[in-house]
Amino acid sequence: MKEKNPWHTPATIIITVIGVIAIVALVTVAVLQNRPVLQKYKYGIVLDAGSSHTALYIYEWPAEKDNNTGRVEQKYSCKVKGKGISSYANTPEKAGESLNECMQESVKQVPKERHHETPLYLGATAGMRLLNLENSLASDKVFQAVEKALQGFPFSFQGARILSGQEEGAFGWVTVNYLDDRLKQGLETTGALDLGGASTQISFVSDNYDISESPSNSVTFRLYGNDYNLYTHSFLCYGKDQALLMALAHQTKSGPKTIVDPCFHPGYLEQKQYSVLYDSPCVSARKPQNPTTTFSHTGAGNFTQCQDVVKKVFNFTSCQYSRCSFNDVFQPPLQGTYGAFSAYYFVMDFLNLTDASTPLETVKQKLASYCATPWNQIVQQHPTIKVKYLSEYCFSGTYIVTLLTEGYNFTSESYANINFIKEIKGSDAGWTLGYMLNLTNMIPAEAPDLPPLPHAGYVSVVTITALLLFVLVILSLFCFCPGFKKQPHIV
Ligand SMILES: Nc1nc2c(ncn2[C@@H]2O[C@H](COP(=O)(O)OP(=O)(O)OP(=O)(O)O)[C@@H](O)[C@H]2O)c(=O)[nH]1
Ligand SMILES: [Ca+2]
């Protein structure tokens, strides 16, 4: 008498085979259906046509994740040689040509198959705002030349335009908070301070900001399900280059042959032309009646006196609101931390004053000692730095401290909340990233619906559930079907 193995009946074999096939099919479908697509990237290019120079940025993000969870990062940046596009008012074609080198490099940086779908934007700021005010025909010609040049590249050109000061401030704020991951997580935001060559922006969220007091300073956003009421203001002519012209204009009102400037080092001497100084619309109204053609610009190197000169470029006397920064511009109470970038960073980095733990009083003392250093000593100590940049750090540092404290009302206490930054997690701080995120709708208004499980977790749950079900089916067959029970077979 031989006992036949009950598992060897045709029914069990068929059920087992079908069961195994079903599990394999289920798991395969689950894995394939939800498998992340191979990490492919998408790209976007933004040209920042600033007053002093143009910079190109390429951003990159995972292709399957745009719209919600993918991080956009800066992949590449290129500094266009020469000055800003507004300096080509008399030779507009050269403005277009100036962009070629960086654009050709971008063609190499972005994979060929992505070229045609890569959006390309050019945003111009205060230099073109000023040119547009002065001579709108010339600014139109510069834009035409720039557009023609950019259309010659294989990207999806989305246009060249002047950003409003509000946009410049607000997108700088978006960039800083996006890179810090504050928006997605709904954390308290950080303010943004941008100091350019021809304008400067301040943007922050203040709980005590009553929009009705000054609606033109308000920008509202709904990002990742959170509402933000942002205060922002852009001061045209208060970038550091135009501020220097304004400070020089105050010292040359009477058209003298020589000025002794406390914002330049003792021993500094440069011949400057009145026509060049008074060329900008920020100062042209103050041009002295009968100046000589040139004046000797000499230095005295005195921080306190320099601050007095710098203060003269601000109007602190009129304010039609409950509170103002300067020039009759409303500003709510300062709140939270601030990221200060662009020239705030270049200047404070050179002066070794970026450390947030340096008290305001120490900053002033160090500046005073730096300004008082004789010019020949400064040149000797920094042989590799361009003389034009080098000569202006005393003025620029003094201007920054004065703008922050007298202008924006930072105190010794709140000054400690300012972080001087160049970049965050490898991406430069500035308006360009925020501009692109906005135009490509990459920050959703509502928080994205994330799957409750990551991919690996999902696959594991499906596999384990399928196996358990299979075991359950076999066990129930075994327990409840008589044919599956162990029975003696008589041969
Ligand atoms: N020291 C130093 N200064 C710099 C550097 N790059 C730019 N600057 C100067 O810093 C100032 C501000 O530069 P940017 O932030 O590029 O200004 P911009 O975007 O051209 O000007 P806006 O249109 O007003 O925003 C200008 O006076 C520049 O000449 C740098 O690497 N080092
Ligand atoms: Ca700028």
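Residues numbered from 1 in each chain as written. Chains lettered and ligands numbered in written order. Predicted model: local features only at pLDDT ≥ 70, side-chain atom pairs only at ≥ 80, totals over all residues. Heavy atoms only, no water.

1. Side note on the overall build of the chain
For step 1, the next point in the chain: In terms of regular secondary structure, the chain is built from 15 helices and 16 strands.
For step 2, the next point in the chain: When burial is assessed residue by residue, the chain has 48% of its 491 residues classed as buried.
For step 3, the next point in the chain: In the chain, of all internal contacts separated by at least 6 residues, the share reaching a separation of at least 24 is 74%.
For step 4, the next point in the chain: With the model as given, the accessible surface of the chain reaches about 23,900 Å², and the carbon-plus-sulfur share is 55%. (Helix = DSSP H or I, 4+ residues; strand = E, 2+ residues; numbered from the N terminus. Buried < 20%, exposed > 50% of the residue type's maximum accessible area, 1.4 Å probe, protein only. Contact = heavy atoms within 4.5 Å. Areas by Shrake-Rupley, 256 points an atom, 1.4 Å probe, with all protein chains shown as cover.)

2. Things to note about the packing of helix H7 (residues 240–251) against helix H13 (residues 387–407)
For step 1, the next point in the chain: Running from amino to carboxyl end, H7 crosses H13 at an angle of 100 degrees, the nearest separation of the two axes being 10 Å. Overall, the two elements H7 and H13 adopt an arrangement that is roughly perpendicular. Contacts from Lys-240, Asp-241, Ala-243, Leu-244 and Ala-247 in H7 reach Glu-392, Phe-395, Ser-396 and Tyr-399 in H13.
For step 2, the next point in the chain: Among the residues forming the contact of H7 with H13, the class breakdown is 5 nonpolar, 1 polar and 3 charged. (Axes fitted to C-alpha atoms, helices over the stretch in contact; angles between N-to-C directions. Parallel < 35°, antiparallel > 145°, perpendicular 65-115°, else oblique. Nonpolar A, V, L, I, M, F, W, Y, C, P; charged D, E, K, R; others polar.)

3. Side note on the pattern of salt bridges
For step 1, the next point in the chain: Within the structure shown, the criterion is met by 15 salt bridges.
For step 2, the next point in the chain: Its salt-bridge partner being Glu-167, residue Arg-161 comes within 2.8 Å of it at the nearest N-O pair.
For step 3, the next point in the chain: Glu-446 serves as the salt-bridge partner of Arg-222, at 2.7 Å between the closest nitrogen and oxygen. Taken together, the residues Arg-222 in strand E8 (residues 218–223) and Glu-446 in the loop between helix H14 (431–439) and helix H15 (455–480) connect sequence positions 224 residues apart.
For step 4, the next point in the chain: Overall, Arg-222 belongs to the partly exposed group, its relative accessible area being 34%. (Salt bridge = Lys/Arg side-chain N within 4 Å of Asp/Glu carboxyl O.)

4. Side note on the pairing of E8
For step 1, the next point in the chain: As judged from the 6 bridges shared by E8 and strand E9 (residues 226–236), these two strands associate in the antiparallel manner. Bridged to Val-219 within E9 is Leu-230.
For step 2, the next point in the chain: In sequence, E8 turns back onto E9 through a hairpin of 2 residues, with Tyr-224 there showing a positive phi of about 50 degrees. (Pairing = 2+ DSSP bridges.)

5. Focus on H7
For step 1, the next point in the chain: Between its terminal C-alpha atoms H7 stretches 17 Å, which fits the 16 Å expected from 12 residues at 1.5 Å a residue.
For step 2, the next point in the chain: The buried count for H7 comes to 10 of 12 residues, which makes it a mostly enclosed element.
For step 3, the next point in the chain: Those residues of H7 that fall on the buried side of the exposure criterion are Lys-240, Gln-242, Ala-243, Leu-244, Met-246, Ala-247, Leu-248, Ala-249, His-250 and Gln-251. (Expected span 1.5 Å × (residues − 1).)

6. Re the sheet that holds strand E3 (residues 73–79)
Strand pairing in a sheet is mediated by backbone hydrogen bonds. Such pairs are either parallel or antiparallel.
For step 1, the next point in the chain: The strand order across the open sheet formed by 5 strands is E3-E2-E1-E4-E5, and the pairing between neighbours is mixed. The two strands at the open ends of the sheet, each matched to only one other strand, are E3 and strand E5 (156–162). Going across the sheet, the axis of each strand differs from the next one's by a mean of 15 degrees, ignoring polarity.
For step 2, the next point in the chain: Relative to E3, strand E2 (residues 54–62) is paired through 6 bridges, and the arrangement is antiparallel. In the strand pairing of E3, Tyr-57 is matched with Ser-77.
For step 3, the next point in the chain: Helix-sheet contacts for helix H5 (residues 136–151) involve strand E1 (41–49), strand E4 (119–124) and E5, and the interaxial angle to E5 is about 165 degrees.
For step 4, the next point in the chain: H14 rests against E1, E2, E4 and E5 of the sheet, and its axis sits at about 125 degrees to E1.

7. Digging into the domain arrangement of the chain
For step 1, the next point in the chain: Taken domain by domain, the chain comprises domain 1 (6–35 + 463–484), domain 2 (39–162) and domain 3 (165–429).
For step 2, the next point in the chain: Computed over C-alpha atoms only, the centres of domain 2 and domain 3 are separated by 26 Å.
For step 3, the next point in the chain: Taken over both partners, the interface formed by domain 2 and domain 3 buries close to 1,500 Å², and the fraction arising from carbon and sulfur atoms is 45%.
For step 4, the next point in the chain: Contact with domain 3 buries area across many residues of domain 2, yet Arg-71, Arg-129 and Leu-130 alone supply 37% of it, more than any other trio.
For step 5, the next point in the chain: Counting every contact that joins domain 2 to domain 3 gives 3 salt bridges.
For step 6, the next point in the chain: Taken together, the elements giving at least two residues each to the side of domain 2 that touches domain 3 come down to E3, helix H4 (126–134) and E5.
For step 7, the next point in the chain: Of all the elements, H4 adds the most residues to the side of domain 2 that touches domain 3, at 6 residues.
For step 8, the next point in the chain: Here the residues of the side of domain 2 that touches domain 3 sort into 6 nonpolar, 8 polar and 6 charged. (Domains from an automatic or database assignment. Buried area = accessible area lost by both parts, 1.4 Å probe.)

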